[in-house]
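Remarks on the overall topology
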Amino acid sequence: MGASKKKSYGRFFTVPVVISLSILIFLLLCIIFAPFITKTDPNALDLLNVLKGPSKEHLLGTDKTGRDIFTRILYGGRTSLLSALGVVMISVVIGIPTGLISGYYGGKVDMILMRICDVVVSFPALLLAFIFVAAFGRGLGNAVLALGIVYVPMLAKLTRSLMLVEKNKTYVEAAYSIGYSDRKIIFHEIFPNCLPTILVELTLDLGYAILDLASMSFLGLGVQPPTSDWGYMLEENRAFLTTSPLMAISPGIVIIVFVVCLNVFVDGVEMYSDPSRRRMPSMKKLKKRMELIEHA
Amino acid sequence: MRENIISIKGLKVGVASTSGYVYAVRNINLDVRKGEILGLVGESGCGKSMTAKSILRLHDEKRTEYQGKIIYENGKDILNMKEKELEQIRGSHIAMIFQDPMTTLNPLMKIGKQMMEMFRYHTSLSQEEAKAKCLKLLESVGVTPAEDRFENYPFQLSGGQLQRVSIAMELALDPELLIADEPTTALDVTMQAQILDLLRKLQKESGASILIITHNFGVVAEICDRVAVMYAGQIVETGESMDIFYHPRHPYTIDLIGSIPKAGLNGQKLTTIPGAPPQLNRPITGCPYAARCRYADEMCFTKAPDLQTLENGHTYLCSKADLTGEEAV
């Protein structure tokens, strides 16, 4: 038998993972290669063709200034995903170490870090964004920074509570008795055990970030017109829901598809990250394999 | 006399509680000699594990107070060491096996990877050398086929196999002292015997010392060279294990050995020790065992017992110097 290949335990590519992953890849490719898919300029005004329905030139119609919705969705993906990813990255880089350290050491360190988090939590997100914009000027970058900081406490507190559960387990004590340093224990022993839950939280955050950025853009704090963005399109086209519904619905659907696929995919990753929960081959296949062994 | 690898002098360990420190370990003197298997025996809550964990300083330092000294081989006091120095000793010089093998390994890491990590962290072996060593270790503790087990996750193995793996891991760096905290308690009886045999075999091969913590005199009889009996945070008797087994001097040891079920005692009730150990959150006057002791008189309740030493190194903590436990055996 071909047992020479190192076999990994369980299957990562289950049906939901394959489907969601291929949709995600398809979406990403469309966004990356937008200039090759459509030749239209996403910001080109065409005041003679305002609020048109779907047609050959405009697959999803045009908006109130005659811009092509389809093109704007393709290009808008770039802004949306990059900025939402930026928000999540900021919260990861600050929030996870904060939570891990605060949970592991406890005492005064924990006290100080958590009180800082409480202050940030109690500060309204929009107000913080306003302050950032006032201090550093308008722009997507500052909105991302502000929102990223708003997301930090949630992640830090989640990580901290996971750490509190994990750090009292015997394997941590055993790691201690082997002579590992605190840093190694926190990041190599405990963190992987917290990761599955954190990953799920992060994918949810990514969805929220798209919508939160949209509401900031709506107030003029985030995306600056004429740049297109999924969330912002949803907000600005909402007013035309009765006359040309496709305008608001299509970016909405793209957001839904993206977030749902991402969640399904991450569920798969989460399941795989715990070896005892990995998907095994079906009973039918296993039976067949047993028969093969018996016959041989 | 052989050299000491660890010498505990006047150790007191206090655990923080709302009303102050509860001294679970009170004034312990204990030497672990080179190349011996020392058993630390006592009932639940008598402070055996507290003592053992103090040797590696595994307690949460914010809630624990240490007094006394734990002198390591090199003459340094473990209780005064810096964290960095301690990390050098943990694992490479003093290793520890825990009670429940199911939870001592990181559930998300393959067994092989966990073992390799140890080598990567503590030594400068190359990837291949480390792997070869891991496989050899797994084989020597009887986890076979080693190649397959190397790629397994902890949840795929049974408790007995996991305990073997953790023994292999702890022995990986050739420690001079192995602390085994009730290594067989979570396992069934046949597995217990196998694990004890394994420990004995590995000890003979490596010449390391083992401090084995147990509440089971059977374990002591099977593998220990010397025994220390603990009661209420104190060591009440130490000596060669056969000597203690056949000639116990302290009433607690006498009662403890007397309550082991024996073959040929049909229809008789099992002997038990009445009462419960004293509360540890207030000072104890007199002998802590007095309330349960059948030899106790008034003096035992008021005066703390003195340490008696016999010429063969057998020591016991009792005011009644003339007691012999022959009738209990």
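1. Section: the overall build of chain B
- Per the secondary structure count, chain B includes twelve helices and eleven strands.
- Compactness check: chain B gives a C-alpha radius of gyration of 21 Å against a globular reference of 20 Å for 329 residues, within 12% of the reference.
- The buried share among the 329 residues of chain B stands at 43%.
- Look at the contacts in chain B between residues 6 or more apart in sequence, and 64% of them connect residues 24 or more apart.

2. Focus on the sheet that holds strand β2 (residues 20–33) of chain B
Residues and elements named next belong to chain B.
- Taken in spatial order, the three strands line up as β2-β1-β4 in an open sheet, and their pairing is antiparallel. On the outer flanks of this sheet lie β2 and β4 (64–72), each paired with one strand and no other. Sheet twist, expressed as the average angle between the axes of neighbouring strands with direction ignored, equals 5°.
- Bridging between strand β1 (residues 4–17) and β2 involves ten bridges; their strand directions are antiparallel.

3. Some words on the confidence of the model for chain B
- Scored by pLDDT, chain B comes out at a mean of 87, with 96% of its residues at no less than 70.
- Both scores are given for the predicted complex: the pTM is 0.83, the ipTM 0.82.

4. So, the domain arrangement of chain B
Residue and element names in this part refer to chain B.
- Segmentation of chain B into domains returns domain 1 (32–58 + 82–93 + 175–328) and domain 2 (102–174).
- On the domain 2 side, the residues contacting the 13 residues of domain 1 number 13 residues.
- It is helix α8 (residues 189–206) that contributes the most residues to the side of domain 1 that touches domain 2, six residues altogether.
- Split into classes, the residues belonging to the side of domain 1 that touches domain 2 amount to nine nonpolar, four polar and no charged.

5. Considerations on the environment of M109(B)
- Residue position: M109(B) is located in the loop between α3 (101–104) and α4 (111–122).
- When the 20 C-beta atoms within 10 Å are taken as the criterion, M109(B) is described as buried.

6. What about the nonpolar core?
- With 146 residues, the main nonpolar core has A143(A), L147(A), A168(B), L177(B), L211(B), V229(B) and M230(B) as its most contacted residues.
- Among the elements that make up this core, the one with the highest residue count is helix α6 (residues 140–166) of chain A (13 residues).
- Leave out the neighbours within four places in its chain, and A168(B) touches L137(B), L138(B), V141(B) and V143(B).

7. Section: the environment of A232(B)
- Mapped onto the elements of the fold, A232(B) is located in the loop between β8 (226–231) and β9 (234–240).
- Classification of A232(B) as buried rests on a count of 23 C-beta atoms within 10 Å.

8. A short note on the interface of chain A and chain B
- Taken together, the contact between chain A and chain B spans 20 residues of the former and 23 residues of the latter.
- When contributions to the side of chain A that touches chain B are tallied by element, the ones reaching two or more residues are α7 (170–178) and α8 (182–218) of chain A.
- Of the residues that constitute the side of chain A that touches chain B, the class distribution is eight nonpolar, seven polar and five charged.

9. Thoughts on the sheet that holds strand β10 (residues 307–309) of chain B
Residues and elements named next belong to chain B.
- An order of β5-β6-β7-β3-β8-β9-β11-β10 is seen for the eight strands of this open sheet, with the pairing classed as mixed. Edge positions in the sheet fall to β5 (94–97) and β10, since each has one partner strand and no second. Here the average twist between neighbouring strands, direction ignored, is 20°.
- Where β10 lies against strand β11 (residues 315–317), three bridges are found, and the strand directions are antiparallel. From the neighbouring strand, Q308 faces β11, where its bridge partner is Y316.

Conventions used here
- Every chain is numbered independently, its residues counted from 1 as its sequence is written.
- All chains are assigned letters beginning at A, and all ligands numbers beginning at 1, according to the order in which they are written.
- Local features are withheld for residues below a pLDDT of 70 in this predicted model, meaning they are given only at 70 or higher, and side-chain atom pairs are given and counted only at 80 or more; totals for whole chains, interfaces and linings count all residues.
- A run of H or I in DSSP counts as a helix once it spans at least four residues, and a run of E counts as a strand once it spans at least two, with each numbered from the N terminus.
- Values of the radius of gyration come from C-alpha atoms, whereas the globule rule sets the reference at 2.2 Å times the count of residues to the power 0.38.
- Around each residue's C-beta, the other C-beta atoms within 10 Å are counted; 20 or more make the residue buried, 12 or fewer make it exposed, and counts in between make it partly exposed. All C-beta atoms are placed from the backbone.
- Placing a C-beta atom from the backbone of each residue, one calls two residues in contact when those atoms lie within 7 Å.
- DSSP-based pairing: two strands are paired if at least 2 bridges between them are found.
- The convention used is that axes are lines fitted to C-alpha atoms, helices contributing only their stretch in contact, and that angles between N-to-C directions extend from 0 to 180 degrees.
- Values of pLDDT, ranging from 0 to 100, describe the predictor's confidence in every residue of the model.
- Throughout, the edges of the domains are those of an automatic or database domain assignment.
- The residue classification treats Ala, Val, Leu, Ile, Met, Phe, Trp, Tyr, Cys and Pro as nonpolar and Asp, Glu, Lys and Arg as charged. All others, Gly included, are polar.
- Each nonpolar core comprises buried Ala, Val, Leu, Ile, Met, Phe, Trp, Tyr and Cys residues, the members being joined through C-beta atoms within 7 Å.

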